[in-house]
Amino acid sequence: MGPIFALACKDLRLLVRDKVGFFFVFGFPLLFGLFFGVIFKGAGSSQGAITILVVDDDQSEASKALIGKLTSAAEVKPIVATYEAALDQVRKGERVAYVRIPKGYGESARRPFWGTPPAFELGVDPARKAEAGMIQGVITQYAVRDVMKIFSDPDALRKQTATAIEEVSKADDLTPVQKGIMTAFFGALDSFMSLTLAPGAAATDGNKEGAEEGASIGIGGWEPVRITVNDVRADRRLSSKPNNPMDITFPQCLVWGLMGCSAAFGISLVVERTRGTLIRLRLAPIVRWHILAGKAAACFLMLLAVSGVMLVFAMVAFGVRPENYGMLAVAILCSAICFVGIMMLLSVCGKTENSAGGIGWSVLLMMAMIGGGMMPLFFMPKWMQSVASISPIKWTVLSLEGAVFRGYSLSDMALPCGVLLGIGVAGFAVGARLFTWQEGSS
Amino acid sequence: MLTVSGLIKSYDGVRRAVDGVTFEVKAREIFGLLGPNGAGKSTTIHVAVGLLAPDGGQVRIGDAGGSSGPPTDPAVRSRVGVAPQALAIYEELTGEENIRFFAQLQGLRGAELRNRTAAALQFVELHDRRRDLARTYSGGMKRRLNLAAAIVHDPQLLFLDEPTVGVDPQSRNAIFENILALRERGLTVVYTTHYMEEAQRLCDRVAIMDQGRILALDTVDGLVRAHGGKSVVVAAVDGHEARIESDDPIGELVRLKQSGPLRDFRLEQPNLERVFLNLTGRQLRD
Ligand SMILES: Nc1ncnc2c1ncn2[C@@H]1O[C@H](COP(=O)(O)OP(=O)(O)OP(=O)(O)O)[C@@H](O)[C@H]1O
Ligand SMILES: [Mg+2]
């Protein structure tokens, strides 16, 4: 164990002093994270329209018109679904929210100024407050617009206006000046509406929906739209989407750190050869596998260190909160073993420092490109996603994501981690096999 | 201590870098391999220490107890120290870190590790610079560090492949003194060089190598006697320079003095340079 320890310490010391190598191990992945962090922060979670599910319980002209309105809205993209499907998808985290248009909506739309309007049901994960608020705003806005359009009873409206004028005149907390202004305003509104609005039908009585926590939206006592919020707690175990964009970026950052680390150590064996220090290692009373084990141990420790640093960075700077730290430890361990194997393969790739570095990085970049290290895989076409399976990067990212936000269980972890361990062991075996001990002997 | 017999090594399978080299180094001897560039000295050393597998022949390294083994045997290895011609040190480690690491590889630890590391650095007079990165050392200092790494584990047999290239005369003298001191403590040294002065000053026996073969092997005096030819008296007589080979240079001078005025003269004693010239028809350094 002594020589392996000495070899590993020496390698770690050398890496820390090698500015370029050190940059690729720590600096570049941090920059990568910062870059995407800033991009995602700027975009917030409103990257274009949010897809929401719409459940149409009313099936009326009015409800169809509302769905049409929402379709043309820039903020949301409605998809009509059944209630069960909508609930299921939100629970799985596949969609942010669903909106249930209540029975009787079309009826109540015609008498917006009295009765309690039927309540919309907004199903959303309580963790996603920003989206919930935004969706509520959008529904209110379009529902009210719809009401205004369908609204066709100028007499009723003028009655309301008259009541308003009366209430103003009776109010004792208003100064005479305020009263004058408001009366003038309602008077003008009254004459404006008498000119523009066409006569229409009167409304029937509405029915009150059982709402757990009614959220009334309206001006003063006017309540044209009611929205009840249904907390649909998204179960991450069923989901495949993170709730923090950095949850996606963190595994990618980490992958870059792991790649930098294996590249640095892969080159270091070639450097030993070209600088002549391998001669001394070979002259020492140690055996071949000591050198390989020392190299592997140093690389492994550095990979763990990189993982730790990246994790702390992601948690502190971007609020990443891995769901399962135990699984994360498993994922990181397996990834580190995989990258030790990759390092061993890279170390036998080139004869000179430049060729080794060049070959090493091109191989790594290729793997990153097809494996989702540069761009998350779900942005890629389907065929690409299946090609990605040949890249260890994919499995690294998958195992890390599994622990960070996919809610993987140990059995879910078995596949990616098994692949990683396999690559690690195979890479180490092949690399160790190809590592030529004798100089000048071919 | 070291037996090399019938060694053959070719890098390309065509030309032999070492072509049937046989010699034996006795315990506590300083054995020189003297030859021009490309003679095969380094190759011989690399095969002798087990870095290269020979194409033919055999190497055995013995110990004080009389048993011997091949240089690839780890037990044999820990008795051997090597300072390769190509520097083998980590530029990004300090002198001390380098030596300590190589000592650890040799299995030293604790107080012994500390003491041996300090002693090796003192031996090559780098103790003052031990905390500086090897990268910041001069060429000669790096070569001295390379030497320190070879002796840190107190080997019984030391191979030094051109250890004084680029080392200034003062440090070179210090290294010579120390090698002689190490020999007094029982060390055996194999020393390659193309400086015949070094071989002459330091080595008990010298093998003269050229083109992969040993041309002659003996003590310096023996080589000079056998292959050096006669002494030469070079004298300025009657305005021209006369070169007279003679077994009795003093008698020759006396005769010249008697025959006329002798304005200037010098005596060329046969040396290893002449031995090489006579053996190969070429200068050692051309
Ligand atoms: N790694 C190598 N690959 C191919 N040929 C080599 C190699 N090393 C040495 N040679 C050849 O082997 C021959 C002997 O080289 P060697 O290094 O043993 O000579 P040397 O006596 O040590 O010379 P020098 O005084 O320059 O160090 C030379 O012809 C050289 O070209
Ligand atoms: Mg040489």
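Quantities reported herein were computed from a predicted structural model and do not represent experimental measurements.

Visitor: Describe the pattern of salt bridges, and please don't skip the residues or the numbers.
Guide: A complete count under the given rule lists 30 salt bridges over all chains for this structure. Across the salt bridge formed by aspartate 11 of chain A and lysine 295 of chain A, the nearest N and O atoms sit 3.1 Å from each other. Here aspartate 11 of chain A is found in helix H1 (residues 2–17), whereas its partner lysine 295 of chain A is found in helix H11 (residues 288–318), with 284 residues between them in sequence. Both residues of the pair, aspartate 11 of chain A and lysine 295 of chain A, count as buried. Notably, a salt bridge pairs aspartate 210 of chain B with arginine 282 of chain B, separated by 2.3 Å at the nearest N-O pair. Note that aspartate 210 of chain B is positioned in strand S9 (residues 205–210) and arginine 282 of chain B in the segment after helix H10 (272–280), a separation of 72 residues in sequence. The class for aspartate 210 of chain B is buried, based on a relative accessible area of 9%. Bridged by salt links that share partners, the residues Lys10, Asp11, Glu272 and Lys295 of chain A form one connected network.

Visitor: Which residues make up empty space enclosed by the protein, and what are the values?
Guide: To locate leftover empty space, one rolls a probe as large as a water molecule over the atoms. Throughout the structure, instances matching the rule amount to five cavities of 30 Å³ or more. The wall of the largest cavity is formed by 13 residues, among which Arg280 and Leu283 of chain A together with Gln106, Ala149 and His153 of chain B lie closest to the centre. Only helix H10 (277–283) of chain A together with strand S6 (80–83), helix H3 (95–105) and helix H5 (139–151) of chain B provide two or more residues apiece to the lining of the largest cavity. With three residues, S6 of chain B is the single largest residue contributor to the lining of the largest cavity. Residue composition of the lining of the largest cavity, grouped by class: nine nonpolar, three polar and one charged.

Visitor: Summarise the interface of chain A and chain B; cite the residues concerned and give the values.
Guide: Contact residues are listed per partner, giving 23 residues for chain A and 31 residues for chain B. Two residues, arginine 13 of chain A and glutamate 97 of chain B, come together in a salt bridge whose shortest N-O distance is 3.5 Å. At the junction of chain A and chain B, the tally comes to ten residue pairs in polar contact (both at pLDDT 80 or more). Tallying contributions element by element places H1 of chain A first for the side of chain A that touches chain B, with eight residues. A per-class count over the side of chain A that touches chain B returns ten nonpolar, five polar and eight charged.

Visitor: With reference to specific residues and values, describe the domain arrangement of chain B.
Guide: All names here are of chain B. Taken domain by domain, chain B comprises domain 1 (2–79 + 155–225), domain 2 (94–153) and domain 3 (230–269). Contact residues are listed per partner, giving 17 residues for domain 1 and ten residues for domain 2. In total, about 1,100 Å² of surface goes out of reach between domain 1 and domain 2, with carbon and sulfur atoms giving 64% of it. Its largest share of buried area at the contact with domain 2, domain 1 owes to Pro155, Ile175 and Asn178, together 33% of the area lost on that side. Scanning the region where domain 1 abuts domain 2 turns up zero salt bridges. Our enumeration of links across domain 1 and domain 2 arrives at three residue pairs in polar contact (both at pLDDT 80 or more). Breaking the side of domain 1 that touches domain 2 down by element, the ones donating at least two residues are strand S7 (157–161) and helix H6 (169–184). If one sorts the elements of the side of domain 1 that touches domain 2 by residue count, H6 sits on top with six residues.

Visitor: Can you explain the pairing of strand S1 (residues 2–10) of chain B? Please cite residues and give values.
Guide: Residue and element names in this part refer to chain B. Two strands pair when backbone bridges link them, and S1 and strand S2 (residues 16–25) are joined in this way by seven bridges, in the antiparallel orientation. Bridge pairing in S2 links leucine 2 to valine 25. Taking the residues that link successive antiparallel strands as the turn, the S1-S2 hairpin has five residues, and the phi of glycine 13 there is positive, at about 80°.

Visitor: Kindly report on the packing of H3 of chain B against H5 of chain B, identifying the contributing residues and their values.
Guide: Residues and elements named next belong to chain B. Across the interface, H3 lies against H5 with an axial gap of 9 Å and an inter-helix angle of 25°. By the angle between their directions, the pair H3 and H5 is classed as roughly parallel. Relative to H5, the crossing made by H3 is right-handed. Within the contact between the two elements, H3 uses Gly95, Asn98, Ile99 and Phe102 and H5 uses Leu145, Ala148 and Ala149.

Visitor: Which residues make up the site of ligand 1, and what values go with them?
Guide: Residues and elements named next belong to chain B. Neighbouring ligand 1 are 13 residues, the closest being Gly38, Lys41, Ser42, Thr43 and Gln85. Take glycine 38: an N or O atom from its main chain is 2.8 Å from an oxygen atom of ligand 1. Within the contact set of ligand 1, an oxygen atom lies 2.8 Å away from a side-chain nitrogen or oxygen of glutamine 85. Burial of ligand 1 by the protein chains amounts to 64% of its free accessible area of 630 Å². Of all the elements, helix H1 (residues 41–48) adds the most residues to the shell around ligand 1, at three residues. Its residues placed into classes, the shell around ligand 1 shows four nonpolar, six polar and three charged.

Conventions adopted
- Residues numbered from 1 in each chain as written.
- Chains lettered and ligands numbered in written order.
- Predicted model: local features only at pLDDT ≥ 70, side-chain atom pairs only at ≥ 80, totals over all residues.
- Heavy atoms only, no water.
- Salt bridge = Lys/Arg side-chain N within 4 Å of Asp/Glu carboxyl O.
- Helix = DSSP H or I, 4+ residues; strand = E, 2+ residues; numbered from the N terminus.
- Buried < 20%, exposed > 50% of the residue type's maximum accessible area, 1.4 Å probe, protein only.
- 1 Å grid on protein atoms, 1.4 Å probe; cavity = no way out; pocket = protein on both sides within 12 Å on 5 of 7 lines; lining within 4 Å.
- Points joined across faces, edges and corners; volume = space filled by probe spheres on them.
- Nonpolar A, V, L, I, M, F, W, Y, C, P; charged D, E, K, R; others polar.
- Contact = heavy atoms within 4.5 Å.
- Polar contact = N/O pair within 3.5 Å; in protein donor to acceptor, adjacent residues only side chain to side chain.
- Domains from an automatic or database assignment.
- Buried area = accessible area lost by both parts, 1.4 Å probe.
- Pairing = 2+ DSSP bridges.
- Axes fitted to C-alpha atoms, helices over the stretch in contact; angles between N-to-C directions.
- Parallel < 35°, antiparallel > 145°, perpendicular 65-115°, else oblique.
- Left-handed = near helix turned anticlockwise from the far one by under 90°.
- Near = heavy atom within 4 Å.
- Areas by Shrake-Rupley, 256 points an atom, 1.4 Å probe, with all protein chains shown as cover.

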